Amino acid sequence: MSEATDLSRRRLLQYLGLTAVATAVVPEWLFAADEQGSQERSGQSEPDIEVGITAQPAESPILPGRPTKVWKFSGELVKGPPGTVKDIPDSYLGPILRLRQGQKVRIRFRNKLPEPCVIHQHGLHVPEEADGHPRHQIGSGQTAVYEFTVLDRAGTYWFHPHTHHRTAEQAYYGLAGLILVTDTEEQSLDLPHDEHDIPLVIQDRSFDDHNQLRYIGHMHDRFRGFLGDRVLVNGKPDFVLPVATRVYRLRILNGSNSRIYKLAWSDGSPLTVIGTDGGLLESPEVRNYLMLAPGERVDLWVDFRGRKLGDEITLRSAAFSGVMPMMGMGGGMMGGGGAGMMGRGMRGGMMGRMGAALPHGAEYPILTARIVREERDQLVLPRRLSQIQRYRPQDAANAQKPKSIHLSMRAMSPRLNGRSFELTRVAEEEIIPLNTMQLLEFVNRDHRAHEMMMAHPMHIHGQQFQVLKREMAPGFERHYSSVSQGFVDNGWKDTVLVMPGEKVTILKRFDHYTGLYLYHCHNLEHEDLDMMRNFLVQA
Ligand code: C2O
Ligand code: CU
Ligand code: CU
């Protein structure tokens, strides 16, 4: 081992808060990537978990009749406890990977698609070589190895392609899977587990008359983002969840390309949130509805006790407005309309082509829970779920000078601070010193083109962040009031919805790894339209 590596190893240990005693546990592994730099390396440090993941064309039974051609991640456990890789039966979705904090993981990726691909571990903080940057995409027929230690806390994470200009379409055709991480903090709690801990991936899709997926061609649709006309849950339409009269943990991922959901129960029952993107909240929060933008996750405690056999309760998306651009509408009303604008001249226009059966912001069902069994359980909702160390703005390296990221949509080109994605380039203000906390703000206030403003779910790779505050410009309140009670900002986040007129300030640390880490809009069509940039984390 070279002296330089030794130095960076010691520094890394400091960041991890580990003492020299821990040397044997983590560092060999963490530095395996740095030392060789090659994608294929041979066992100088054995992983705890080794998984093979293949991306390939497949067929999936989605609608009655003919199966649908999809692209699918299939998984295979090479090393690790049984149950680490679990398929969702009959679904185009990839396997569920169950990991534990501290584990060393090796993923061998085989690309059997007819085009390049790369896997990104969304929400996990991993070395840049394992983060799925488009510059690391591999060609058809090639393989790659991603190695990382699970640093993140218990939570619901996911993996999906991050291929240059092809992320949206590859995800749309089925390439996505879940990563469920557990840790000792979570395991000290008495939460529903095993078959009572249910991941639910919500995605919208469109089909042609032959049951085949239909994506978008028209530039306008791309600009706004894909909107399907059917909602699928775990790859199935009209999803029914059979449940017993007991408590469940439902982990919901919005895996849609651009559709935002306003989750609410049909009978008006409130939703009890126990976790968000980066795992458990400190304590449960109760809401009448929850906004869930593409990329975001929410973890619910759902109590079906006291319900009767045969009862049904529907999780729906409730009506809201203000997320879509107003273009072509003439001035006046700021912030864009959702369901409301359907009656205002949009029918023959952009919204007419696709998604018309399911306008963004309309009300529609997502899934139905049906009580099929009586059961007794004594679970008590823990008042305290986890410990979250609160970041303080004064601890940010740039406390006096937040880094502003202005979102804009001019000339059919969604941008960040006026810039488009450049594979490896970074601007001066995108260089971030390693081991610092940064104050960042997403500003969705392009007043010079306000009719183009729309909601953008902004995502940052690397460590999870904390939302410090949301500030709304005057003039947007009417639409904003239909969504504003649905944000759960108190826990760890990697994706945050920024509404038109809004400025969202966050605190994020950049520890452990140097290199290029992406930040982008998780409206996947926007991502592919280059609404993405690099941060360069530098020692
Ligand atoms: Cu889930 Cu860079 O994305
Ligand atoms: Cu990500
Ligand atoms: Cu966007």
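Draft legend 1. Spatial organisation of the confidence of the model for the protein chain. Of the residues in the protein chain, 86% have a pLDDT of 70 or more, and the chain-wide mean is 89. In this model, residues 1–43 is a region of pLDDT below 50 whose contacts with residues beyond four sequence positions or in other chains number 59 contacts.

Draft legend 2. Quick look at the packing of aromatic side chains. One pass over the structure, following the stated rule, counts 15 aromatic pairs. Each ring, one from Tyr519 and one from Phe535, has its centre 4.2 Å from the other, and the planes form 25°; the classification is stacked. A residue pair is termed long-range when its members are at least 10 positions apart, and Tyr519 in strand β30 (residues 515–521) and Phe535 in strand β31 (residues 532–538) qualify at 16 residues. Classification of Tyr519 by relative accessible area gives buried; the value is 2%. Residue classification places Phe535 among the buried positions, given a relative accessible area of 2%. Counting every residue linked through ring pairs, the aromatic cluster contains Trp71, Tyr172, Tyr173, Tyr215 and Phe226. One Lys or Arg, Arg246, reaches over the ring of Tyr248 and ends 5.9 Å from the middle of that ring. Note that Arg470 overlies the ring of Phe487, its terminal NZ or CZ placed 3.8 Å from the centroid.

Draft legend 3. Broad picture of the coordination of the copper ion (ligand 3). Taken together, His456 (ND1), Cys521 (SG) and His526 (ND1) make up the protein donors of the copper ion (ligand 3), found 2.0 to 2.1 Å from the metal. Positions of the donor residues of the copper ion (ligand 3), expressed as sequence spacing, correspond to H-x64-C-x4-H. Residue Cys521 is classed as buried on the basis of its relative accessible area, which comes to 0%. His526 gets classed as buried once you look at its relative accessible area, which sits at 0%.

Draft legend 4. Structural view of the environment of Ala176. If you trace the backbone, Ala176 turns up in the loop between α3 (167–172) and β9 (177–182). Classification of Ala176 by relative accessible area gives buried; the value is 4%. Between the C-alpha atoms of Ala176 and Gly255, which are 79 residues apart in sequence, the distance is 7.9 Å. What Ala176 contacts, discounting residues up to four positions off in sequence, is Phe73, Leu93, Gly94, Trp158, Phe159 and His160.

The rules we used
Residues numbered from 1 in each chain as written. Chains lettered and ligands numbered in written order. Predicted model: local features only at pLDDT ≥ 70, side-chain atom pairs only at ≥ 80, totals over all residues. Heavy atoms only, no water. pLDDT = per-residue confidence, 0-100. Contact = heavy atoms within 4.5 Å. Phe/Tyr/Trp six-rings, centres within 6.5 Å; stacked < 30°, edge-to-face > 60°. Helix = DSSP H or I, 4+ residues; strand = E, 2+ residues; numbered from the N terminus. Buried < 20%, exposed > 50% of the residue type's maximum accessible area, 1.4 Å probe, protein only. Lys NZ or Arg CZ within 6 Å of the ring centre and 35° of its normal. Donors = N, O, S within 2.8 Å, 3.2 Å for Na, K, Ca; no water.

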